[in-house]
Amino acid sequence: MRDSPNLETVLNQSQGKAMLIRRSFLRVLPSAVAIIPVSILFGGLAYRAYWSFLEILAAGFLGFTGSGQFALLPLAETNASFLTMLIICASINSRYFPIAFTTTKRLPKTFFARMFVSHILGDEAYATEKHSDTVKETVCIRLTIFVFWVVSGVVGAMIAKAIPNDWLSTDIHLGFPASVVLVYLSVSQIKMRVSGIYHMQLVMVATCVLSTAVFYSLLGSTYFWIPSIIITAIILDKWQKHE
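Residues numbered from 1 in each chain as written. Predicted model: local features only at pLDDT ≥ 70, side-chain atom pairs only at ≥ 80, totals over all residues. Heavy atoms only, no water.

**Comments concerning the packing of helix α7 (residues 111-119) against helix α9 (residues 135-162)**
Any two packed helices are characterised by how steeply their axes cross, that is the angle between the axes, and by the distance between the axes. Where α7 contacts α9, the axes come no closer than 9 Å and their chain directions differ by 55°. Classified by the interaxial angle, the pair formed by α7 and α9 is oblique. In this structure, the crossing between α7 and α9 has a hand that is left-handed. For the pair α7 and α9, the contacting residues are Phe116, Val117, Ser118 and His119 in the first and Thr138, Val139, Arg142, Leu143 and Phe146 in the second. Grouping the amino acids of the contact of α7 with α9 by side-chain chemistry returns five nonpolar, three polar and one charged. (Axes fitted to C-alpha atoms, helices over the stretch in contact; angles between N-to-C directions. Helix = DSSP H or I, 4+ residues; strand = E, 2+ residues; numbered from the N terminus. Parallel < 35°, antiparallel > 145°, perpendicular 65-115°, else oblique. Left-handed = near helix turned anticlockwise from the far one by under 90°. Contact = heavy atoms within 4.5 Å. Nonpolar A, V, L, I, M, F, W, Y, C, P; charged D, E, K, R; others polar.)

Dropping the structure here:
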């Protein structure tokens, strides 16, 4: 007779965990779907740059960053050394270090699991996560986006292989979908952080855009993003956060 309540408690806990993961998956699904065209774009461009399917898969699995992976494409075409590509990719991904430190409380306890979940942190996952998320919710959100990104890159290479070269004009700006998705995610992150006296979201957007434009005009298209990210992060941090 004593086993029946215990069994019921275990079943209720299992159902509760399943519902928790399901809600997390449904919360991250729009962001995961949004990055599909960006990853497909990378896979297509990488294949046309004579990358193999294995190299595209490895870039998505090991690099797992849109900006870093896209930056590797022209470097690989110029036969840059592996060390050069590693340094460039690491410098671009360095922005994730302060982001990762703010999420340490919802990471797994074991070392290797902690390192892996930190590795699969991306902009989309950070924009979707909440401070109140559990470890299981965090893993579900990050792993969903990670799988969508890696698989979509390989799918993009398969699509590029099937499309004849003369179908794509050199005048087509293939990077446009990536820019649209990044702008959407930036606006979503800003909307999550605006509250109180600065509830007018247009003020924050205008401030971030203006600072970026100033650095672009002063430093050019190559180095403007470094101070722009720092100033934008400070601006976002000064605004009160809310969930």
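**Details of the side chain of Asp133**
Along the chain, Asp133 turns up in the loop between α8 (123-128) and α9. A polar contact is formed between the side chain of Asp133 and the side chain of Arg27, at a distance of 2.9 Å. At a separation of 2.8 Å, a polar atom in the side chain of Asp133 contacts the main-chain amide nitrogen of Lys130. If we skip the residues at most four places from it in the chain, Asp133 touches Arg27, Arg106, Thr138 and Ile141. (Polar contact = N/O pair within 3.5 Å; in protein donor to acceptor, adjacent residues only side chain to side chain.)

**Some words on empty space enclosed by the protein**
Rolled over the atoms, a probe with the dimensions of a water molecule shows which regions are left empty. A full pass over the atoms with the stated rule returns two cavities of 30 Å³ or more. Taken together, Ser39, Phe42, Ile56, Gly60, Gln69, Trp149, Val150 and Gly153 make up the lining of the second largest cavity. Elements represented by at least two residues in the lining of the second largest cavity include exactly α2 (36-48), α3 (53-63) and α9. Looking at the lining of the second largest cavity, its residues break down into four nonpolar, four polar and no charged. (1 Å grid on protein atoms, 1.4 Å probe; cavity = no way out; pocket = protein on both sides within 12 Å on 5 of 7 lines; lining within 4 Å. Points joined across faces, edges and corners; volume = space filled by probe spheres on them.)

**Quick notes on a nonpolar patch on the surface**
A cluster of nonpolar residues, Leu210, Val214, Leu218, Leu219, Tyr223, Trp225, Ile226, Ile229, Ile230 and Ile234, forms a patch on the protein surface that exposes about 950 Å² of accessible area. Among the secondary structure elements, those contributing two or more residues to the nonpolar patch are α11 (201-223) and α12 (225-238). Residue classification places Leu219 among the partly exposed positions, given a relative accessible area of 42%. (Patch = residues over 30% accessible without salt bridge, like charges linked within 9 Å, V, L, I, M, F, W, Y side chains within 5 Å. Areas by Shrake-Rupley, 256 points an atom, 1.4 Å probe, with all protein chains shown as cover. Salt bridge = Lys/Arg side-chain N within 4 Å of Asp/Glu carboxyl O. Buried < 20%, exposed > 50% of the residue type's maximum accessible area, 1.4 Å probe, protein only.)

**Overview of unusual backbone geometry**
Apart from glycine, the bulk of residues carry a negative phi angle, and the bulk of peptide bonds sit in the trans form. The phi dihedral of Tyr50 falls on the positive side, at around 70°, and the residue is not glycine. Mapped onto the secondary structure, Tyr50 falls in the loop between α2 and α3.

**Let's talk about the nonpolar core**
One finds Ile99, Leu121, Ala125, Ile145 and Trp149 to be the most contacted residues of the largest nonpolar core, which totals 16 residues. Listed by contribution, the elements that provide at least two residues to this core are α1 (3-34), α6 (96-101), α8 and α9. Core analysis: the second largest hydrophobic core is formed by 12 residues, Trp51, Ile56, Met85 and Ala157 among them. (Core = buried A, V, L, I, M, F, W, Y, C linked by side-chain atoms within 4.5 Å.)

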